[in-house]
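Single-letter residue listing:
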Amino acid sequence: MDKIKVIIAFGTRPEAIKMLPIVKKMDESEAFHPITVVTAQHREMLDQVLDYFKVKPDYDLNIMRKQQTLTQITSRILEEMEEVLISERPDVILVHGDTTTTAAVSLAAFYQQITIGHVEAGLRTWNKYSPFPEEMNRQLTDVLSDLYFVPTRSGKKNLLLENHKENKIFITGNTVIDALQYTLKENYHHPILDEVNPKHKKMILLTMHRRENQGQPMLEVFEAVRNIAIEYKDEVEIIFPVHLNPLVQRAAMEKFAQVTNVHLITPLEVADFHNIASKSYLILTDSGGIQEEAPSLGVPVLVLRNETERPEGVTAGTLKLVGTKKEVIEKAMKKLLDNEEAYKAMSQASNPYGDGKSSERIMKILIQQFAEGKLRATDNLFRTTE
Ligand code: UD1
Ligand code: UDP
């Protein structure tokens, strides 16, 4: 049997964390010829993940610029991807989630009439600007895709509401659980743990980066965290691996520079982040991926957003939406610090995202589709040049 030629394309840290388990498994398989293409919409934060998984991309489009705009990311990817797709002509391309890499790569693949498989398809808030631009990125990607690998039943339900064909939608679990199997360690240690001493103090992990939160909402959240850090000085240590976006860096420095129990650190390598998260008392975040990881780790999360496309963690009790208003966040943090019952109710480990075999499931489906002749890229492009 011919090998299935598949491009796995991604560009940012979270896409890499969730796509590299697929790349690793395909590398071990006789059925696939995987080609890894990174747009490098992120540079350092992407490289951290590639290094951890020991994967060297076949193509690196290296598009990141400091303070890049959405239009710049999109146009650079469209131009660069065209060349890769024309020279490789894969049977199928896999994209992930909802970044601008995801949407732009999908559009480039559509122009070349290449079958598109969307991993982590079907997530929705149906609010155009929240999260921005991710909600429209994933909707656009789902419009362009041919195969939908949805993490849970709710993704399938969403896609059916949009009239996507049921026989193209596959519930696979989320590959983030596959990633945790590569990273979580029994006897984990990191120097920061000596500094914060989580056995005697409550370690709180903070991350925040979303575009719609930059500016006033982010400053308000940081103000709330700062107040708690000061009020609970002897009980609480806060670790904040600051996203490399200069706007986030500036806001973090402005609010936390003088607070000794808030530790501003560079982004953690993925295994460090997962292990430190698992030892944390509480997480505050507006991240998508962390909302999926925390229920597995049994660590309560205050989600710094007003709505989420990941309702499973809220249902499981691990996630609570608190938005970005200072008073609300302070109150929610105090409740979890002071009220043992309230804390216990949120810290039960319950994983709604599968059994860590999502990558294998996706590969099986691709093999089946290939055998049925449904993947081959067409050579009959509707050309307007030549
Ligand atoms: C992007 C995604 C977002 C995802 C997030 C994960 C889009 C529009 N946004 O947002 O969906 O949740 O990644 O973190 O696709 N930077 C560096 N080095 C890096 C990474 C970023 O210096 O390794 C700086 C650069 O100045 C860059 C800026 O951060 O211009 C913003 O990066 P960008 O990818 O545009 O947006 P994110 O906020 O990271
Ligand atoms: N993460 C990491 N190092 C950090 C912070 C987060 O490796 O310092 C991981 C985290 O475990 C999760 C992913 O990055 O898997 C989430 O990425 P991010 O919050 O940047 O993006 P989102 O998921 O919101 O798109």
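Residues numbered from 1 in each chain as written. Chains lettered and ligands numbered in written order. Predicted model: local features only at pLDDT ≥ 70, side-chain atom pairs only at ≥ 80, totals over all residues. Heavy atoms only, no water.

### Considering the side chain of Gln41
For step 1, the next point in the chain: In this fold, Gln41 is placed in the loop between strand 2 (32-38) and helix 2 (44-53).
For step 2, the next point in the chain: A relative accessible area of 8% places Gln41 in the buried class.
For step 3, the next point in the chain: In this structure the side chain of Gln41 is engaged in a polar contact, spanning 2.7 Å, whose partner is the side chain of Thr101. (Helix = DSSP H or I, 4+ residues; strand = E, 2+ residues; numbered from the N terminus. Buried < 20%, exposed > 50% of the residue type's maximum accessible area, 1.4 Å probe, protein only. Polar contact = N/O pair within 3.5 Å; in protein donor to acceptor, adjacent residues only side chain to side chain.)

### Section: the sheet that holds strand 9 (residues 236-241)
For step 1, the next point in the chain: A sheet is described by the order of its strands in space; here six strands give the open sequence 10-9-8-11-12-13, paired in parallel fashion. Taken across any chain shown, the strands that pair with only one partner, and hence form the sheet edges, are strand 10 (262-265) and strand 13 (319-321). Here the strands of the sheet are splayed against their neighbours by 20 degrees on average, with no regard to which way each runs.
For step 2, the next point in the chain: As judged from the four bridges shared by strand 9 and strand 10, these two strands associate in the parallel manner. Each residue of the ladder has a partner; that of Phe240, found in strand 10, is Leu264. (Pairing = 2+ DSSP bridges. Axes fitted to C-alpha atoms, helices over the stretch in contact; angles between N-to-C directions.)

### Comments concerning the packing of helix 9 (residues 216-231) against helix 14 (residues 326-338)
For step 1, the next point in the chain: Orientation of helix 9 relative to helix 14, taken along the N-to-C sense of each, is 35 degrees, at an axis distance of 8 Å. At the point where helix 9 passes helix 14, the crossing takes the right-handed sense. Touching Glu220, Val221, Glu223, Ala224, Val225, Asn227, Ile228 and Glu231 of helix 9 are Lys326, Ile329, Glu330, Met333, Lys334 and Leu337, all from helix 14.
For step 2, the next point in the chain: For the contact of helix 9 with helix 14, the class distribution of residues is seven nonpolar, one polar and six charged. (Left-handed = near helix turned anticlockwise from the far one by under 90°. Contact = heavy atoms within 4.5 Å. Nonpolar A, V, L, I, M, F, W, Y, C, P; charged D, E, K, R; others polar.)

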